[in-house]
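Summary of structural features
Residues per chain, in single letters:
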Amino acid sequence: MAREAERTQRGSVSASADFDFGAFYDLHVDGVWRLLERLGVAPALVEDAVQDVFVIAHRRLGEFRGDSTLKTWVTGIAVRVAKDYRRSGARRGEQGPLEDEPHLEAAGRPDEQAMANQALRQVLRLADQLEETQRLVFMLVEFEGFTVPEVARLTGTNANTLSTRLRAARARFDQLLEVREGDLR
């Protein structure tokens, strides 16, 4: 069933009476969860944010025109939901994604999983210091595997602008990493 949802990547899914929303959800829920955490949704609110993303996706499924893949489309919804949650969380003084353990599916021995979790927390702490527009393109390209043109389509931002933001984000991230490594010496 997940393969059916994956195959229905382009075209009007509303016209497809056999579209399996459950398979679509199963295929994308882990990625949406991870992305919301990485974009700074407070851990206590991630589950609610994931639900909001899929409620919106279900409600707007008939509006999907096939200009992008379903993954890109649902990611665009998740980006907007994360922005709303970060904005409302900032007004309430809530912290970002580092209060609890990030959602990580690490394979291997427990010590390897612990090291991977620690490394991810450190990377997210550094990325959290990036300007919001830089953080978005940085996370989508570096962690989620999107290309700059895909991010441009899903955010409605010029690809050249995003490329500039990505270069600035990478440079700032490297600078923050150097400072952190210097502090550890």
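Considering the overall build of the chain
- Each helix and strand in the chain was counted, giving eight helices and zero strands.
- Secondary structure elements of the chain, listed N to C terminal, follow the sequence α-α-α-α-α-α-α-α.
- Per-residue burial for the chain yields a buried fraction of 41% across its 185 residues.
- Considering only intrachain contacts with a sequence separation of at least 6, the fraction spanning at least 24 residues in the chain is 66%.
- With the model as given, the accessible surface of the chain reaches about 10500 Å², and the carbon-plus-sulfur share is 47%.

Structural notes on the packing of helix 5 (residues 110–127) against helix 6 (residues 132–143)
- With their axes 11 Å apart at the nearest point, helix 5 and helix 6 run at an angle of 150 degrees to one another. In terms of orientation, helix 5 lies roughly antiparallel with respect to helix 6. Residues Leu120, Val123, Leu124 and Ala127 of helix 5 lie in contact with helix 6, whose contacting residues are Arg135, Phe138, Met139 and Phe143.
- Residues that form the contact of helix 5 with helix 6 fall into these classes: seven nonpolar, no polar and one charged.

Some points on the packing of helix 2 (residues 21–38) against helix 6
- In contact at an axis separation of 10 Å, helix 2 and helix 6 are set at 140 degrees when each is read in the N-to-C sense. Two packed elements cross with a definite hand, and for helix 2 against helix 6 that hand is right-handed. In this structure, helix 2 uses Leu35, Glu37 and Arg38 to contact helix 6, whose residues at the interface are Arg135, Met139, Leu140 and Phe143.

A word on the environment of Ala42
- Mapped onto the elements of the fold, Ala42 is located in the loop between helix 2 and helix 3 (46–60).
- On a C-alpha basis, the gap between Ala42 and Tyr85 in space is 8.0 Å, while along the polypeptide they are 43 residues apart.

Thoughts on helix 7 (residues 148–155)
- Among all positions of helix 7, only Val148, Val151, Ala152 and Leu154 are buried.
- Once helix 7 ends, the next one or two residues include Gly156, with phi positive near 70 degrees.

A look at the side chain of Arg38
- In this structure, Arg38 sits in helix 2.
- Residue Arg38 is classed as buried on the basis of its relative accessible area of 9%.

Examining the confidence of the model for the chain
- Taken residue by residue, the chain gives an average pLDDT of 80. The fraction at 70 or more is 78%.
- Across residues 1–12 the pLDDT falls below 50, and counting only partners more than four positions away or on other chains, this stretch makes 27 contacts in the model.

Comments concerning the nonpolar core
- With 50 residues, the main nonpolar core has Phe24, Leu36, Val53 and Phe54 as its most contacted residues.
- Here this core gets nine residues from one element, more than from any other, and that element is helix 4 (residues 70–92).

Cut-off values and rules
Residues numbered from 1 in each chain as written. Predicted model: local features only at pLDDT ≥ 70, side-chain atom pairs only at ≥ 80, totals over all residues. Heavy atoms only, no water. Helix = DSSP H or I, 4+ residues; strand = E, 2+ residues; numbered from the N terminus. Buried < 20%, exposed > 50% of the residue type's maximum accessible area, 1.4 Å probe, protein only. Contact = heavy atoms within 4.5 Å. Areas by Shrake-Rupley, 256 points an atom, 1.4 Å probe, with all protein chains shown as cover. Axes fitted to C-alpha atoms, helices over the stretch in contact; angles between N-to-C directions. Parallel < 35°, antiparallel > 145°, perpendicular 65-115°, else oblique. Nonpolar A, V, L, I, M, F, W, Y, C, P; charged D, E, K, R; others polar. Left-handed = near helix turned anticlockwise from the far one by under 90°. pLDDT = per-residue confidence, 0-100. Core = buried A, V, L, I, M, F, W, Y, C linked by side-chain atoms within 4.5 Å.

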